[in-house]
Amino acid sequence: MNTRNAIALVAASIALGAGLAHAGAPTRAFIMEGSGFFNAPGVEIGRLAAIDLADPSQVTPLSRPADDLRFGGLDVRPGDGVLVAFENTTNSLRIPEPVSDTNTLIDSIGFMESGVAGLTFSNDGAVAYATTSVSGFGRIVRANGSTGAVLGVHNILNVSLSSLATVPEGHPTYPAGQIWGLGLTGGGSLRLYQLNLDNNTVLSQPLVSGIGFNPQFETGLDWAADGTLYALIQGFRETSPGNFEEISSHLYTINPANGQATLIGVVGAQGTWDAVSLALDDQPLSGCPADLAEPFGQLNFFDLAAYLALYNAQNPGADLAEPFGAWNFFDLAAYLTLYNAGCP
């Protein structure tokens, strides 16, 4: 895992009680809010957090890389483990920082309309796929995963796409590297799309069933390394004639063969999480989570200074020990424990 993400997920793992072992089903995931309608009620544009996939009610805030940008897709880039987001007002790839309220521009990729969008990487991280709907068809822009340079554009007729995911290596049923998408239909239902980008066609499109409410935003979709397909879906339900209740994002697994959704839980124990992007992190955690500053691979004064800067700013990434929400001696001691463990 990239060192910039490590301290954030160490903090999240401690807070969530998830531990740091990397075995069996994944437990770590990033979520990012604000990819739906700008300034919609309850949305905190650009809020980044970590969740436990086994219990998504447990959310650990990490940072707010931007409060004036609309992120519509999120993925961990394979290979270097960098967290990358697609920002769909400037149509750009950006690196949101989990431990600071900043983001770094990779490049604008253009060819998109502003709206709900999605992002996924090829399994080697070399190619980024970003999507949004353009004038009645689904558009996927293929770009260099590191530079954002556009490699090609795919237009798929009669499809509305708002999230993408890449089939992982070793999947028992579907070809590794195949792109899947999730999107609303004109009738208000939700479909899962199996895509063939070689000829820009849809191979299958089962309706997603078992949601339990009317879907509104469906910007979270990701395959786990073990072959499980996860989705975040948010929407509304009619409580009485003409009156509607907003529904926070729900986390599901989806059977790709028939679209059957199985509820895991609701994101956030309190409040509403709207239009949330999802990025699973199946890569091993860094063996040196205290390594926060260059030169990476060794611990020194610069790492201590980097942690103290986070601590003094009361950044969630520095909140490593109970009582969470308070920055005190116990957090300092927890970081020093990580620091003294050294780098392998």
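In what follows, the accompanying structure is described. Fair warning: this is a prediction, and the values are worked out from it, not measured in the lab.

1. Concerning helix α2 (residues 301–312)
- Given a rise of 1.5 Å per residue, 12 residues ought to cover 16 Å, and the 16 Å separating the end C-alpha atoms of α2 matches this to within 8%.
- Looking only at α2, the buried set comprises Asp303, Tyr307, Leu310 and Tyr311. One face of α2 carries all of its buried residues, which in axial projection span an arc of 100 degrees. Along α2, exposed side chains directed more than 90 degrees from the buried face belong to Phe301 and Asn312.
- Contact partners of the buried residues in α2: α3 (329–341).
- Backbone nitrogen of phenylalanine 302 and a side-chain oxygen of the N-cap are separated by 3.0 Å at the start of α2; the cap is asparagine 300.
- Backbone geometry just downstream of α2 places glutamine 314 in the positive-phi region, at approximately 55 degrees.

2. Regarding the sheet that holds strand β6 (residues 92–96)
- Taken in spatial order, the four strands make up an open sheet running β4-β5-β6-β7, and their pairing is antiparallel. With one partner strand each, in any of the chains shown, β4 (71–76) and β7 (103–108) form the two edges of the open sheet. Neighbour to neighbour, the strand axes of the sheet diverge by 25 degrees on average, direction disregarded.
- As defined by bridge partners, strand β5 (residues 83–87) adjoins β6 across three bridges and the pair is classed as antiparallel. Across the sheet, the residue bridging to alanine 85 is arginine 94, located in β6.

3. Re the pairing of strand β2 (residues 48–52)
- Within β2, five of the five residues are buried, leaving the element largely enclosed by the surrounding structure.
- Residues Leu48, Ala50 and Asp52 point to one face of β2 and Ala49 and Ile51 to the other, with burial holding for every one of them.
- Of the pairings in the sheet, the one linking strand β1 (residues 28–33) to β2 comprises five bridges and is antiparallel in character. Paired with isoleucine 31 across the strands is alanine 49, a residue of β2.
- In terms of strand pairing, β2 meets strand β3 (residues 55–63) through five bridges, oriented antiparallel. Bridge pairing links leucine 48 to serine 63 in β3.
- The antiparallel pairing of β2 with β3 creates a hairpin that spans two residues between the two strands.

Reading guide: rules and limits
- Residues numbered from 1 in each chain as written.
- Predicted model: local features only at pLDDT ≥ 70, side-chain atom pairs only at ≥ 80, totals over all residues.
- Heavy atoms only, no water.
- Helix = DSSP H or I, 4+ residues; strand = E, 2+ residues; numbered from the N terminus.
- Expected span 1.5 Å × (residues − 1).
- Buried < 20%, exposed > 50% of the residue type's maximum accessible area, 1.4 Å probe, protein only.
- Arc of directions from axis to C-beta.
- Contact = heavy atoms within 4.5 Å.
- Polar contact = N/O pair within 3.5 Å; in protein donor to acceptor, adjacent residues only side chain to side chain.
- Pairing = 2+ DSSP bridges.
- Axes fitted to C-alpha atoms, helices over the stretch in contact; angles between N-to-C directions.

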